[in-house]
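What follows is each chain in one-letter form.
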Amino acid sequence: MLTLTEEATTAVKTITAQIPDSPHSGIRIEGAGSPESQFKLSVVDAPATGDAVVENGGARVFLDSDAAAVLDDRVLDAQVDPEQGSVQFAVTNAA
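From a predicted model like this one, the values you see are computed outputs, not experimental measurements.

A. How the structure looks around the side chain of Thr-9. Secondary-structure assignment places Thr-9 in helix α1 (residues 6-16). The exposure class of Thr-9 is buried, given its relative accessible area of 7%. In this view, Thr-9 contacts Leu-4, Asn-56, Gly-57 and Ala-59; residues no more than four positions away in its chain are not counted.

See below:
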């Protein structure tokens with residue numbers, strides 16, 4: 001199952017905290033069927049039916065079936081640009 005780094009956990013919690021009155025919100029990742037493909041990320045109120053749910057330290061990530069299969073045994077990391085405030089997510093192999 002996908003794991004989250006401390007940085008990814010913090011980024012997901014920061015992003016989803018901006019959705020008022022939505023305690024079950026998270027980042028949803030939709031896959032395209034292969035590790036080389038780009039993924040679609042969106043902020044949602046709750047997982048879709050059939051989504052795998054990854055929780056770490058209060059951060060919630062929802063994976064559709066394609067993303068769950070491709071990201072099994074991978075690590076989600078994040079980098080925040082301190083000047084712009086933008087977040088860049090990356091997927092790496094588990095150590």
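So that's the structure; there's more coming.
B. Just the pattern of salt bridges, in detail. Summed over the entire model, instances satisfying the criterion amount to four salt bridges. It is possible to trace a salt-bridge network through shared partners that takes in Arg-28, Glu-30, Lys-40 and Asp-51.

C. A look at the side chain of Thr-16. Tracing the chain through its elements places Thr-16 in helix α1. In this structure Thr-16 comes out as buried when scored by relative accessible area, which is 10%. Excluding anything up to four places from it in sequence, Thr-16 contacts Ser-25, Gly-26, Ile-27 and Val-43.

D. Quick peek at the sheet that holds strand β5 (residues 59-63). Strand order in this open sheet of four strands is β3-β2-β5-β4, and the pairing throughout is mixed. Strands with a single pairing partner mark the edges of an open sheet, and in this sheet they are β3 (40-44) and β4 (52-56). Adjacent strand axes in the sheet meet at a mean angle of 25°, parallel and antiparallel pairs treated alike. Across five bridges, the pairing between strand β2 (residues 26-30) and β3 is antiparallel.

E. Structural context of the sheet that holds strand β1 (residues 3-4). Ordered in space as β1-β6-β7, the three strands form an open sheet in which the pairing is mixed. A single partner strand is all that each edge strand has here, and the edge strands are β1 and β7 (87-93). Where strand β6 (residues 74-80) and β7 come together, seven bridges link them in antiparallel fashion. Looking across to β7, one finds that Ala-78 is bridged to Phe-89.

What counts and what doesn't
- Residues numbered from 1 in each chain as written.
- Predicted model: local features only at pLDDT ≥ 70, side-chain atom pairs only at ≥ 80, totals over all residues.
- Heavy atoms only, no water.
- Helix = DSSP H or I, 4+ residues; strand = E, 2+ residues; numbered from the N terminus.
- Buried < 20%, exposed > 50% of the residue type's maximum accessible area, 1.4 Å probe, protein only.
- Contact = heavy atoms within 4.5 Å.
- Salt bridge = Lys/Arg side-chain N within 4 Å of Asp/Glu carboxyl O.
- Pairing = 2+ DSSP bridges.
- Axes fitted to C-alpha atoms, helices over the stretch in contact; angles between N-to-C directions.

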